[in-house]
Amino acid sequence: MKHYLVGGAVRDRLLGLEPAERDWVVVGATPDELQAAGYQPVGQDFPVFLHPDTKEEHALARTERKSAPGYRGFVFHADPGVTLEDDLRRRDLTINAIAEDEDGVLIDPYGGRQDIEARVLRHVSEAFVEDPVRVLRVARFHARFAHLGFRVADETLALMRRIVDDGEIDHLVPERVWKEMSRALMSGRPGVFFDTLRACGALARILPEVDALFGVPQRADYHPEIDTGVHTLMCVDAAARAGTSLPVRYAALVHDLGKGLTPAAEWPSHKMHEHRGVPLVEGVSARLRVPALCRDIAVVHTREHLNVHRVRELKASTLHDLIERLGALRQPDRFALILQACESDARGRLGFEDSEYPQTDYLREAAKVARGPQARDVIPLGYEGAAIGEQLRLRRIAALRDWQAALPQEPA
């Protein structure tokens with residue numbers, strides 16, 4: 001029985017990065033032998049065990065055979081006769097097919113170290129085309145390591161196109177798409193993920209609503225980058241630069257979907273795109289089974305981002321109603337996320353990457369003012385039922401009107 005450190009832990013160390021986790025392959029053992037040694041079985045599809053002390057995953061060396069469409073259509077084979085090289089051959093990329101034995105010696109039968117040095121993401125074998133998840137994984141690794149100068153090998157991109165053209169990509173289940181996409185969104189350069197999917201044709205199959213934005217022009221005075229798809233990916237990258245959470249990054253990705261429905265005769269204007277976009281955001285979120293918080297922030301951001309951008313133009317009553325719709329009075333945490341998404345939209349434009357966004361401070365202060373009047377101030381005056389809410393609204397609008405009047409006037 002021999003244990004080998006494999007995958008990301010070896011790859012990341014060679015890249016000078018801190019490994020997030022350590023996975024092992026065990027060669028020359030049976031499930032019974034591992035359990036007798038105290039390992040706890042946890043694998044459902046193939047033999048995976050937790051080490052009795054470290055709790056790190058140890059998988060028996062295995063091979064696989066394609067038996068049906070999709071990423072679940074495999075039959076796995078694991079026994080003491082499967083070699084380390086056999087196991088590494090089934091992996092997706094050469095940089096993930098490097099092992100290290102218990103003495104620290106690297107085993108690299110497929111040129112992973114060379115590809116790390118060359119900054120290339122390359123498939124291990126032609127078996128790459130059997131698993132459509134690998135399209136998403138390559139795109140995700142591209143986004144994760146883009147800052148190090150990695151690129152996708154031409155021959156690997158060709159295989160990714162083949163997976164799309166053969167229809168294998170259509171067998172991906174929503175949960176797996178979202179899992180890979182959400183991890184990519186949390187990378188340093190999430191826009192690269194979607195660019196890579198677009199390069200192989202997968203974006204049109206997985207996220208046609210986003211793919212439809214490319215080639216759709218916007219007004220150059222507001223959007224010097226012009227192309228709506230380019231703007232969308234700039235927004236996602238702006239959210240990443242700001243270190244925002246997943247709901248904000250997802251909201252940045254889908255906020256302009258309505259522009260994909262604008263008739264070409266109306267370009268580059270996109271009137272009412274924010275309202276047309278809401279059903280699309282809801283549809284994408286339902287299809288991919290996006291978490292509720294991500295969906296909710298994205299819907300509000302899509303509907304309200306233009307109102308937030310022009311908030312200094314709003315009269316007190318309109319400002320009050322916007323604050324309520326943004327959740328500032330009852331859900332301040334969500335309010336903060338929506339403001340971050342609006343900032344990402346504003347900075348996801350060519351030449352505006354580091355621009356100020358005073359709307360955030362303006363809305364925060366307005367929310368504080370609106371929270372001033374409380375129901376306890378109204379109830380002693382004899383108001384009951386719906387009249388309490390109406391009086392409270394009137395008092396808050398009055399407070400906002402006074403606050404606005406006291407603000408310094410913006411220069412013309």
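Caption draft 1: Representation of the packing of helix α5 (residues 133-145) against helix α8 (residues 190-199) in the model. The geometry of α5 relative to α8 is characterised by a closest axis approach of 7 Å and an angle of 140° between their N-to-C directions. Relative to α8, α5 is oriented oblique. In this structure, α5 meets α8 at a crossing whose hand is right-handed. Packed against α5, whose contacting residues are Val-135, Leu-136, Ala-139, Arg-140, His-142 and Ala-143, the element α8 presents Pro-190, Val-192, Phe-193, Thr-196 and Leu-197 at the interface. Counted by class, the contact of α5 with α8 contains eight nonpolar, two polar and one charged residues.

Caption draft 2: Seen up close, the pattern of salt bridges. As enumerated under the stated definition, the model contains 28 salt bridges in all. Here Arg-137 ties to Asp-92 by a salt bridge, and the two come within 2.6 Å at their closest N and O atoms. Taken together, the residues Arg-137 in helix α5 and Asp-92 in the loop between α3 (84-89) and β8 (99-100) connect sequence positions 45 residues apart. By relative accessible area, which is 6% here, Asp-92 ends up buried. The salt bridge partner of Arg-176 is Glu-180, with a shortest N-O separation of 3.2 Å.

Caption draft 3: Inspection of the pairing of strand β1 (residues 2-6) at higher detail. Counting buried residues along β1, four of its five residues qualify, which places the element largely inside the surrounding structure. Inspection of the sheet shows β1 paired to strand β2 (residues 23-27) by five bridges, in the antiparallel sense. When the sheet's bridge partners are listed, Tyr-4 is paired in β2 with Val-25. Where β1 lies against β8, two bridges are found, and the strand directions are antiparallel. When the bridges of β8 are listed, Leu-5 appears paired with Glu-100.

Caption draft 4: Broad picture of the nonpolar core. Core analysis: the biggest nonpolar cluster contains 96 residues, and Met-181, Leu-207, Tyr-250, Leu-319, Ile-323 and Leu-363 have the highest contact counts within it. No other element matches α5, which puts eight residues into this core. Discounting residues that sit within four places of it in the chain, Tyr-250 has contacts with Trp-178, Met-181, Leu-185, Val-281, Val-284, Ser-285, Val-290, Cys-294, Arg-295 and Ala-298. One finds Val-6, Ala-61, Leu-84 and Leu-88 within the second-largest nonpolar core, a separate group that totals 12 residues.

The rules behind each value
- Residues numbered from 1 in each chain as written.
- Predicted model: local features only at pLDDT ≥ 70, side-chain atom pairs only at ≥ 80, totals over all residues.
- Heavy atoms only, no water.
- Axes fitted to C-alpha atoms, helices over the stretch in contact; angles between N-to-C directions.
- Helix = DSSP H or I, 4+ residues; strand = E, 2+ residues; numbered from the N terminus.
- Parallel < 35°, antiparallel > 145°, perpendicular 65-115°, else oblique.
- Left-handed = near helix turned anticlockwise from the far one by under 90°.
- Contact = heavy atoms within 4.5 Å.
- Nonpolar A, V, L, I, M, F, W, Y, C, P; charged D, E, K, R; others polar.
- Salt bridge = Lys/Arg side-chain N within 4 Å of Asp/Glu carboxyl O.
- Buried < 20%, exposed > 50% of the residue type's maximum accessible area, 1.4 Å probe, protein only.
- Pairing = 2+ DSSP bridges.
- Core = buried A, V, L, I, M, F, W, Y, C linked by side-chain atoms within 4.5 Å.

Shape is all these values report; function is a separate question.
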